[in-house]
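Report on the structure
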Amino acid sequence: MEGLWVFPLLGVVAGILAGLLGIGGGLVLVAALIWLLPWYGIGEQQVVHAALASSLASIVLTGASSAWAHHRRGSVMWSTVAWMVPGLLLGGWLGSGLAVHLNGQVLRWVVAGYCFIAAAQMAWGGRGAKAASATTPPPAGLPMTGAGGVIGAISAVVGIGGGSMTVPLLVWRGVLPVRAVGTSSACGVAIAIGSALGYILHAPAGALPAHSIGYVYLPATIGVAVAAVIAAPYGTRLAHAISAQSLKRVFAVFMAVMGVSLLLSG
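Owing to the predicted nature of the structure, the values given are computational and were not obtained by experimental measurement.

**Observations concerning the packing of aromatic side chains**
- Tallying each qualifying case throughout the model produces 3 aromatic pairs.
- Judged by centre distance (6.4 Å) and plane angle (70°), the ring pair of phenylalanine 7 and tyrosine 217 falls under edge-to-face. Taken as a pair, phenylalanine 7 in helix 1 (residues 6-21) and tyrosine 217 in strand 2 (residues 216-217) lie far apart in primary sequence, 210 residues in all. Judged on exposure class, the residue phenylalanine 7 and its partner tyrosine 217 are both buried.
- The structure contains a cluster of three or more aromatic residues connected by ring pairs, namely Phe7, Tyr40 and Tyr217.

Structure (structure tokens):
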């Protein structure tokens, strides 16, 4: 495969998903990059780590674009974000430190298994949740900081912006899905920063070929991020036009498809 055009194309998909589902497009990027990166000289032993790191690095800009679009529509609960950020940053750093020491095939199965669990949770979970309401106060306090730590660590290991955990958590706390998606987008930026730095600084010297920093493959990261920033507002418009139940169903189907894709790529 010649040329780098495929990375901006992935960025368009990731950007729309970031705005629509609050996930930064991380899972679709991980699955696609695991397929594509070997064509760019990245070995089998490093490809999953590179896919995770490059996905997370691109989410810094993708998530920021999505969060800004949601903020303009008033759907980001910034007080909740502030409580979660310390945990998200620390969890992302620690999770990436663990991931660089795991075998690539083990990581592939971990990501696929996570996709199926999250899909099932979003499709059939929610029992015991508070009734979603526009008047629900933003969740706050140290429990949200602790939750951020767990979400950040898991997200770093599976290469995502944490939306598949943050969104259900906030919905369970009584937050409307569209506000949960907007808040998740902002949280994803913190996860991506902590995790990407971890994949850069925890990586062994010469982990990837040229045009890389640590496990971050720069052509993929830049190509995806630039296109995703342009596409994210369109996903945001869709999120505000779709019903809450439909948004949950889209989320669940997306996760299941990504899980199957990862298993097939193994």
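And the narrative resumes.
**Concerning helix 3 (residues 47-72)**
- Given a rise of 1.5 Å per residue, 26 residues ought to cover 38 Å, and the 37 Å separating the end C-alpha atoms of helix 3 matches this to within 8%.
- At isoleucine 59, helix 3 is deflected by roughly 35°, the largest bend along its length.
- For helix 3, the buried fraction is high: 20 of the 26 residues fall into the buried class.
- Remark: glycine 74 follows helix 3 within two positions and exhibits a positive phi of approximately 75°.

**Some remarks on the nonpolar core**
- Counting 71 residues, the largest nonpolar core has Phe7 and Leu37 as the members making the most contacts within it.
- Other than its neighbours up to four places away in sequence, phenylalanine 7 contacts Leu33, Leu37, Tyr40, Tyr217, Pro219, Ala220, Gly223 and Val224.

**Regarding unusual backbone geometry**
- Positive phi is not limited to glycine here, since histidine 211 has a value of about 70°.
- Mapping histidine 211 onto the fold places it in the loop between helix 8 (177-201) and strand 1 (212-213).
- Here histidine 211 falls in the exposed class, since its relative accessible area comes to 57%.

**Quick notes on the pattern of salt bridges**
- Applying the stated rule across the entire model yields 1 salt bridge.
- Residue arginine 108 pairs with glutamate 44 through a salt bridge whose shortest N-O separation is 3.5 Å. Placement of arginine 108 in helix 5 (residues 104-124) and of glutamate 44 in the loop between helix 2 (26-36) and helix 3 is noted, with a sequence separation of 64 residues between them.
- Using a relative accessible area of 52% as the deciding quantity, one classes glutamate 44 as exposed.

**Description of the confidence of the model for the chain**
- Looking at the chain as a whole, the pLDDT averages 84, with 89% of positions reaching at least 70.
- When mean pLDDT is compared element by element in the chain, helix 4 (residues 78-99) scores highest at 96, while helix 10 (residues 244-265) scores lowest at 75.

**Observations concerning the packing of helix 4 against helix 6 (residues 142-158)**
- At a minimum axis distance of 6 Å, the contact between helix 4 and helix 6 shows a crossing angle of 35°. Regarding helix 4 and helix 6, the two cross each other, and that crossing is right-handed. For the pair helix 4 and helix 6, contact is made by Thr80, Trp83, Met84, Pro86, Gly87, Leu88, Gly91, Gly92, Gly95, Ser96, Leu98 and Ala99 and by Leu142, Met144, Thr145, Gly148, Gly149, Ile151, Gly152, Ala153, Ala156 and Val157, respectively.
- Taken together, the residues that form the contact of helix 4 with helix 6 break down as 12 nonpolar, 10 polar and no charged.

The rules behind the values
- Residues numbered from 1 in each chain as written.
- Predicted model: local features only at pLDDT ≥ 70, side-chain atom pairs only at ≥ 80, totals over all residues.
- Heavy atoms only, no water.
- Phe/Tyr/Trp six-rings, centres within 6.5 Å; stacked < 30°, edge-to-face > 60°.
- Helix = DSSP H or I, 4+ residues; strand = E, 2+ residues; numbered from the N terminus.
- Buried < 20%, exposed > 50% of the residue type's maximum accessible area, 1.4 Å probe, protein only.
- Expected span 1.5 Å × (residues − 1).
- Bend = angle between axes of the 7 residues up to and from the residue.
- Core = buried A, V, L, I, M, F, W, Y, C linked by side-chain atoms within 4.5 Å.
- Contact = heavy atoms within 4.5 Å.
- Salt bridge = Lys/Arg side-chain N within 4 Å of Asp/Glu carboxyl O.
- pLDDT = per-residue confidence, 0-100.
- Axes fitted to C-alpha atoms, helices over the stretch in contact; angles between N-to-C directions.
- Left-handed = near helix turned anticlockwise from the far one by under 90°.
- Nonpolar A, V, L, I, M, F, W, Y, C, P; charged D, E, K, R; others polar.

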